Protein chains: 2
Amino acid sequence: MQQTGEKLLAKPKSQAIQARRIRPTIHDVAKAAGVSIATVSRALNSPDSVRKELRERVVAAADSMDYMADSVGKALRRQRTQIISTMLPRLADPLFSAVASAIQETLEENGYLGFVQTSGFDNSNLFDRAKRLIEHGTEGLIIFGRIDDQRLLDYCRAHQLPLLSAYSYFEKSEVPTIGFDNYLATRQLVEMLHTLGHSRIAMISGSDKGNDRQQSRIRAFRDINAELGQEPVIEFTHMDFDMADGGAALRRIMENHPETTALICNRCVIAFSVMVEARRLGITVPEHLSLTGFDDIDYAALFDPSLTTVAVPSEKIGRAAAKAMIARLETGAPLGSRRFETEVILRRSVARPRTTA
Amino acid sequence: MQQTGEKLLAKPKSQAIQARRIRPTIHDVAKAAGVSIATVSRALNSPDSVRKELRERVVAAADSMDYMADSVGKALRRQRTQIISTMLPRLADPLFSAVASAIQETLEENGYLGFVQTSGFDNSNLFDRAKRLIEHGTEGLIIFGRIDDQRLLDYCRAHQLPLLSAYSYFEKSEVPTIGFDNYLATRQLVEMLHTLGHSRIAMISGSDKGNDRQQSRIRAFRDINAELGQEPVIEFTHMDFDMADGGAALRRIMENHPETTALICNRCVIAFSVMVEARRLGITVPEHLSLTGFDDIDYAALFDPSLTTVAVPSEKIGRAAAKAMIARLETGAPLGSRRFETEVILRRSVARPRTTA
DNA sequence: CTGAAAGCGCTAACAC
DNA sequence: GTGTTAGCGCTTTCAG
């Protein structure tokens, strides 16, 4: 390596231990091409600023040894990592993985890379998991759902780390939100059922602890019931962890509220497991009981009967979130909120209420 | 900052431009605690080597400013990033996201972090996508399925980048493989159908280009047919991209080979879309046609009729792959291959063949 | 158009 | 037990 005489003194000792350099560095390329490391850097990053002949020599040398500039060194020097990380409840779930996929794709298209971190469904304790992402150079953080962790909010504000909440939209929010209005969407769903003639509607929700989606959907349902002077029928599952738990909730509802004609499940997976149990119990869907899901994951249309759901533009939301974060990082333009529309997709799992009973 | 007099000359110029340091560095902590940066590093990384009083001062200072050691600087110095990356066909798919999830969890538990990169189903062109991961400091690479990209193999060998193929197991392989034997599993599945009395079996496969899973399953099916002196009936879908494409394959089979009594779908999603089409065509499953999937994703049990599949221990494979890679990185012990067992899960979508026809 | 050198944040010799 | 300092790989002034 071309070092000054002084530095050569210290060199051999430490370096000689390692057998052979695992990955070529800019120095190796410079040596091979007979130029300085500065020229290598320029030839590779801003080719126009280097004389053709030299440039070609550098490129040839770099190619011959499969040189890839080390992003770690680059990041340290440039003080930019181009890493945008995402936190979501789980990865092994069609909904979350669809969002994650859209985000990752968008990042990739724009030369970014991202860590994906799972956090469970409770958004009130995100900081410790976010920490690892931040330590590793995360320049922007996208969180699935509302951020209920004050520590994380404080940290990001104090250290100017761009933070974005994706999937749920909130009119007023300390942090920009890109997503849809869960409250509104649920109201639309219930109104659709009302229009069909259902007046005895029950809800099965996932745990609402630290989960703004469930909270908003429950609130919408309670509000509607209150407006009608009805007592809301809500059962909770722990479907988040156990695929089969929706069945138990269905049994509780059918026992305590046999007059129920329509059942709103706050996640598609809940609806699927309810369907299985309904089949087992001989409850026909939709003849005896109408059933709805939420999020319209691909499988909703494949089940028999096909499942009525609220279609959420998850991919669009994911892309929008990633794009917004990239724009923020590139131009410094402040992040803005954005509301997406949802649509009730009426499928075979919903029909007019049974007349008997 | 405590620098020697010389260096201070160059300092103020460049630093003064930036308003305020976004994220505190080890120098900030050192200054606040009135110690050297070395002591900060020691107090945080090997607390025992620092006098209690000083240690507490350092920790207090660090906490007060939310100090997090920058992994970029750390990685550059230590020449370790603790990043293990994964490449898989897609993310928005229950199978792949289950594997990704298991890998990510295992990494996290062990203080590692990982990038997840999607590559599509064709494993013959992985290098360019892997490049970005390698550039960003990936120390070990886990690839879903057999690696058919010679460039990637060459690169990893030349630069000693640990490489692991997960999900598919191969007896002989340049690269260690952790997974199951697709050929064997398919043979088991077909034999089960034979035992039940099926002799006219067809297969619907996904594209087999660069996809060892499909290739092995097709080969097993061809071999069995050859042993029986039968002409194999195989249709291809492009389900990889279009959820509804399984239906067209079913129609082709029912038209050209109406004698078929059992249908092997090489992925669960194919089977689901076939089920939908069968319903539409009035073909009853399993009475008229037995149906099998592969991979046993959670949804297989929820469909009506529930789907017979080959259960693959995807999570175990993911965890094993991640653990093996970590062990390789920590101890230097060479990566080994490992074969997992699969099991045919007989569910309602399979019955004895219809006697008429 | 090219090279020398500084320095990003950190750890680990080395010196005391 | 603590401080000083070199240097990981890179980009980018600054000279020439």
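Refer to the structure above for everything that follows.
Below is a summary of the structure that appears in this document. All figures in this text were calculated on a predicted structure; none of them were measured in a lab.

Side note on the sheet that holds strand E6 (residues 201–205) of chain A
All names here are of chain A.
And then number 1: Pairing in this open sheet of 4 strands is parallel, and the strands run E7-E6-E8-E9 from one edge to the other. With partners counted over all chains shown, the strands left at the sheet margins are strand E7 (233–236) and strand E9 (290–292), one partner each. Averaged over neighbouring strand pairs, the angle between their axes works out to 20° when direction is ignored.
And then number 2: Sheet topology note: the strand E8 (residues 262–265)/E9 ladder contains 3 bridges and is parallel. In the strand pairing of E9, Ile-264 is matched with Thr-292.
And then number 3: Contacting E6 and E7, helix H10 (residues 212–227) runs over the sheet at an angle of about 165° to E6.

Remarks on helix H4 (residues 52–64) of chain B
Residues and elements named next belong to chain B.
And then number 1: Here H4 spans 18 Å end to end across 13 residues, near enough to the 18 Å set by a 1.5 Å rise per residue.
And then number 2: Every buried residue of H4 is listed here: Leu-54, Val-58, Ala-61 and Ala-62. Buried residues of H4 fall within an arc of 100° about the axis and therefore sit on the same side. Exposed and facing more than 90 degrees away from the buried side of H4 are Lys-52, Asp-63 and Ser-64.
And then number 3: Of the surrounding elements, those touching the buried residues of H4 are helix H2 (26–33) and helix H3 (37–45).

Points about the pairing of strand E5 (residues 177–180) of chain B
Residue and element names in this part refer to chain B.
And then number 1: Side chains Thr-177 and Gly-179 project from E5 onto one buried face, and the interleaved Ile-178 and Phe-180 project onto a second face that is buried too.
And then number 2: Pairing analysis gives 4 bridges linking strand E4 (residues 163–168) to E5, with the strands arranged parallel. Across the sheet, residue Tyr-167 finds its bridge partner in E5, namely Gly-179.
And then number 3: As defined by bridge partners, E5 adjoins strand E11 (residues 338–340) across 3 bridges and the pair is classed as parallel. Each residue of the ladder has a partner; that of Gly-179, found in E11, is Arg-339.

Definitions and cut-offs
Residues numbered from 1 in each chain as written. Chains lettered and ligands numbered in written order. Predicted model: local features only at pLDDT ≥ 70, side-chain atom pairs only at ≥ 80, totals over all residues. Heavy atoms only, no water. Pairing = 2+ DSSP bridges. Helix = DSSP H or I, 4+ residues; strand = E, 2+ residues; numbered from the N terminus. Axes fitted to C-alpha atoms, helices over the stretch in contact; angles between N-to-C directions. Contact = heavy atoms within 4.5 Å. Expected span 1.5 Å × (residues − 1). Buried < 20%, exposed > 50% of the residue type's maximum accessible area, 1.4 Å probe, protein only. Arc of directions from axis to C-beta.

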